[in-house]
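Geometric and topological summary
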Amino acid sequence: MAKLADRYESIVVISAKLSEEEIKALIEKFQKLIETNATLVKVDEWGKRRLAYAINYETEGFYTLFEFDSKPDFPQELERVYRINDGVLRYLTVKRND
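Figured I'd write up the structure that's included with this text. Keep in mind it's a predicted model, so treat the numbers as computed, not measured.

What counts, and at which threshold
Residues numbered from 1 in each chain as written. Predicted model: local features only at pLDDT ≥ 70, side-chain atom pairs only at ≥ 80, totals over all residues. Heavy atoms only, no water. Helix = DSSP H or I, 4+ residues; strand = E, 2+ residues; numbered from the N terminus. Phe/Tyr/Trp six-rings, centres within 6.5 Å; stacked < 30°, edge-to-face > 60°. Buried < 20%, exposed > 50% of the residue type's maximum accessible area, 1.4 Å probe, protein only. Pairing = 2+ DSSP bridges.

With that settled, consider unusual backbone geometry. For Asn56, which is not a glycine, the phi torsion comes out positive at approximately 55°. Locating Asn56 in the fold gives a position in the loop between strand 2 (39-55) and strand 3 (58-70). Of note in the backbone geometry, Tyr57 takes a positive phi value of approximately 65° without being a glycine. The residue Tyr57 is located in the loop between strand 2 and strand 3 in this model.

Structure (structure tokens):
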């Protein structure tokens, strides 16, 4: 029997130069997008952490992990939205195999 949705993890690193309100607004925006197009399983805010290397002259970022179930075409749309947001330094979405 084929599954209707796959489990994905998406981690996003948001610029620590943004205010707490701006960071929270971005996280809520991504969370609403996921809830609209997929089944949100978990949101894990790791908080502000030092980056392994500077990205755009920034040495810290705010990490957030989203875990969700969706059809295979949604992660591409989610990453498109990450890409067009100036506050996002890096992101990675992977399909889980468990």
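From this point, things continue past the structure.
A few words now on the packing of aromatic side chains. One pass over the structure, following the stated rule, counts 5 aromatic pairs. Summarising the aromatic geometry, the rings of Trp46 and Tyr63 are spaced 6.2 Å apart at their centres and angled 15° between planes, so their arrangement reads as stacked. Here the residue Trp46 occupies a position in strand 2, and Tyr63 occupies one in strand 3, the gap between them amounting to 17 residues. Given a relative accessible area of 36%, Trp46 falls into the partly exposed group.

Attention now moves to the pairing of strand 3. Of all 13 residues in strand 3, 11 are buried, a share of seventy percent or more. Bridge analysis of strand 1 (residues 6-15) against strand 3 gives 10 bridges, and the strand direction is antiparallel. Of the residues in strand 3, the one forming a bridge with Ser10 is Phe66. Across 11 bridges, the pairing between strand 2 and strand 3 is antiparallel. Bridged to Thr39 within strand 3 is Asp69. The antiparallel pairing of strand 2 with strand 3 creates a hairpin that spans 2 residues between the two strands, and Asn56 there sits at a positive phi of about 55°.

Remember that the coordinates give geometry; whether it matters functionally is a separate question.
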